[in-house]
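Take a look at the letters that make up each chain.
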Amino acid sequence: MLQPDRFDVTVMLDYYAPYVSGLTEAARLTAEGLAARGWRIAVVCAQHDPALPRHEVVNGVHVFRAPVLARISRGFVSPALPLLARRLAARSDIVHMHLPNPEAALVAALKGHARLVVTYHIDVFLPDSPVNRFGMRAVDEVCKAAVRRADLVITNSEDQARGSRIWPTIRRRRLAPIPSPCVDRNGGAPRLRDGDGLHIGFMGRITVDKGIEYLIRAFRSLDDPRARLLIAGDYTTVAGGSNIDELRREAAGDPRIRFTGLLRGDAVRDFYASIDVFALPSISESFGIVQVEAMMAGIPPVSTNLSGSRYPVEATGFGRLVPPRDPAALREALLELAALPEEDRRAGAETATKLFGGEAFLDAHEEAFRRLLTGARP
């Protein structure tokens, strides 16, 4: 398979498509969008599924995967990954690294003459334990080492950056807040609806950091037999494992609660067309692409009041914020938004689309990258 002699940008991250997370989708949409605009884009990542090819071209993007020797919680051991990244960096003008990832410091040190852009998505989150606290501190130090070498740091918002555990390091670098890419999910059919009762939806990875148990508790406190809760997302191939068994125990066989599994393509549009209110009850979140996609479809979100994830609600005025781990507050906000008039839903969708829709994220990346390459001041 023919490859360019040089790449404009090499994107480095641990997991890439077909793995699905907010981080991987942001990286994929940016890489494919720039490739469609004529940029020569490479992605270097781990071969998280051994069935995936070591090299392929996907939607104009050259994807290079390094073999994995072992897995540790959400991470893995891949000595070949930083070496592969170094070889591609030597053929690239820019290395665009998505953090957090445990190889970040080494890859930053091996980047050679390429300019380094770091997109810092979120502080790593692990369930509390002595081992996990040590792991989080270690990843923070790795990320700080990479940020110190960065020519530019991108975050989803300044609010997210300032709320980060590594803000004292980020604040010393050139910062560009660029919201994550959000896809217009309008046009679906309400195929997942079951009756005319209130339908509440969640979409995302089924993991402990999403706080889904608090949503289930809030929903089960509703005594409306017509109400439905749709929980959409992957729980079979999630890095670090899923808490699906715990959530099913929380659901306690309530027939009004449905776990749909991972949805793709038109099924995602159908999901948004099937719900009245969207819930993002995360206990760790940096933006929440899914809540913005819900907004753009006219579905008001209830989100937790965390640095970064509150930004879309505050920027648009569409939706409500509640404290994390508070089922009672979540319940009241969901019921309040369920009664939101159609006129307010349309206005919210229009505002969200104006702020976060289209290709503004690509325009911002192009401008930032070109300024780096020409030496222009921010």
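Residues numbered from 1 in each chain as written. Predicted model: local features only at pLDDT ≥ 70, side-chain atom pairs only at ≥ 80, totals over all residues. Heavy atoms only, no water.

Enquirer: What exactly am I supposed to notice about the overall build of the protein chain here?
Expert: When helices and strands are counted, the protein chain shows 14 helices and 16 strands. A compact globule built from 378 residues would reach a C-alpha radius of gyration of about 21 Å, and the protein chain, at 21 Å, matches this within 12%. The proportion of buried residues among the 378 residues of the protein chain is 55%. Within the protein chain, contacts between residues at least 6 apart in sequence are counted, and of these 67% link residues at least 24 apart. Of the roughly 16,100 Å² of accessible surface on the protein chain, 51% is carried by carbon and sulfur atoms. For the protein chain, the distance from the average position of its 49 positive side-chain charges to the average position of its 45 negative side-chain charges is 7 Å. (Helix = DSSP H or I, 4+ residues; strand = E, 2+ residues; numbered from the N terminus. Rg over C-alpha atoms; globule rule 2.2 N^0.38 Å. Buried < 20%, exposed > 50% of the residue type's maximum accessible area, 1.4 Å probe, protein only. Contact = heavy atoms within 4.5 Å. Areas by Shrake-Rupley, 256 points an atom, 1.4 Å probe, with all protein chains shown as cover. Lys, Arg positive; Asp, Glu negative; His and termini not counted. Charge placed at Lys NZ, Arg CZ, Asp CG, Glu CD.)

Enquirer: Please clarify how the packing of aromatic side chains should be interpreted in this entry.
Expert: Going through the model one piece at a time under the given rule, you end up with seven aromatic pairs. Ring geometry for Phe271 and Tyr272: centres 5.3 Å apart, planes at 75°, overall edge-to-face. Overall, Phe271 belongs to the buried group, its relative accessible area being 0%. For Tyr272, a relative accessible area of 1% puts it in the buried group. With 6.2 Å between their ring centres and 40° between their planes, Tyr272 and Phe278 make a pair best called tilted. (Phe/Tyr/Trp six-rings, centres within 6.5 Å; stacked < 30°, edge-to-face > 60°.)

Enquirer: Would you take a moment to explain the sheet that holds strand β9 (residues 152–155) for this structure?
Expert: What links the strands of a sheet is backbone hydrogen bonding, and the strands pair in either a parallel or an antiparallel sense. One open sheet accounts for eight strands, arranged β3-β4-β2-β1-β7-β8-β9-β10; its pairing is mixed. Each edge of the open sheet is held by one strand with a lone partner, namely β3 (55–58) and β10 (175–177). Pairs of neighbouring strands in the sheet enclose a mean axial angle of 25°, with direction left out of account. Two elements, strand β1 (residues 7–12) and strand β2 (residues 41–46), share four bridges in a ladder whose sense is parallel. Paired with Val11 across the bridge in β2 is Val43. (Pairing = 2+ DSSP bridges. Axes fitted to C-alpha atoms, helices over the stretch in contact; angles between N-to-C directions.)

Enquirer: How should unusual backbone geometry be read in this particular structure?
Expert: Most peptide bonds adopt trans geometry, and most residues besides glycine take a negative phi value. The amide bond that connects Ala17 to the next residue, Pro18, takes the cis arrangement and shows omega of 15°. Positionally, Pro18 belongs in the loop between β1 and α1 (22–36). Residue Leu99 is joined to Pro100 through a cis peptide bond whose omega torsion reads 10°. Of note in this structure, Asn59 is not a glycine but carries a positive phi near 50°.

Enquirer: Hey, could you run me through the packing of helix α10 (residues 289–296) against helix α13 (residues 342–356) in this one?
Expert: A pair of packed helices is captured by two measures, namely the crossing angle of their axes and the spacing between those axes. The geometry of α10 relative to α13 is characterised by a closest axis approach of 7 Å and an angle of 130° between their N-to-C directions. Accordingly, the angle class assigned to the pair α10 and α13 is oblique. Two secondary-structure elements touch here, α10 through Val292, Met295 and Met296 and α13 through Gly348, Ala349, Ala352, Thr353 and Phe356. Its residues placed into classes, the contact of α10 with α13 shows six nonpolar, two polar and no charged. (Parallel < 35°, antiparallel > 145°, perpendicular 65-115°, else oblique. Nonpolar A, V, L, I, M, F, W, Y, C, P; charged D, E, K, R; others polar.)

Enquirer: Help me understand the sheet that holds strand β15 (residues 301–304) in this model?
Expert: Spatially, six strands are ordered β13-β12-β11-β14-β15-β16 in an open sheet, and the strand pairing comes out parallel. At either end of the open sheet lies a strand with only one pairing partner, and these are β13 (257–261) and β16 (320–322). Each adjacent strand pair in this sheet contributes to an overall mean axis angle of 25°, direction not counted. As paired strands, strand β14 (residues 277–280) and β15 are joined by three bridges and run parallel to one another. Within β15, the position partnered with Ala279 by the bridge is Val302. Set on the sheet, helix α7 (residues 212–220) makes contact with β11 (199–203), β12 (228–232), β13 and β14; between it and β12 the angle comes to about 165°.

Enquirer: Honestly, the pairing of β13 in this entry has me stumped. Any pointers?
Expert: The side chains of a regular strand alternate between the sheet's two faces. The side-chain alternation of β13 yields one buried face, formed by Ile257, Phe259 and Gly261, and one unburied face, formed by Arg258 and Thr260. Where β12 meets β13, four bridges bridge the pair, whose relative direction is parallel. What sits directly across from Leu230, in β13, is Arg258.

Enquirer: Explain the pattern of salt bridges here, please?
Expert: Any two side chains of opposite charge can pair if their charged atoms end up close together. Counted by the stated rule, this structure contains 29 salt bridges. The network of salt bridges with shared partners includes Arg37, Glu359, Asp363, Glu366 and Arg370. (Salt bridge = Lys/Arg side-chain N within 4 Å of Asp/Glu carboxyl O.)

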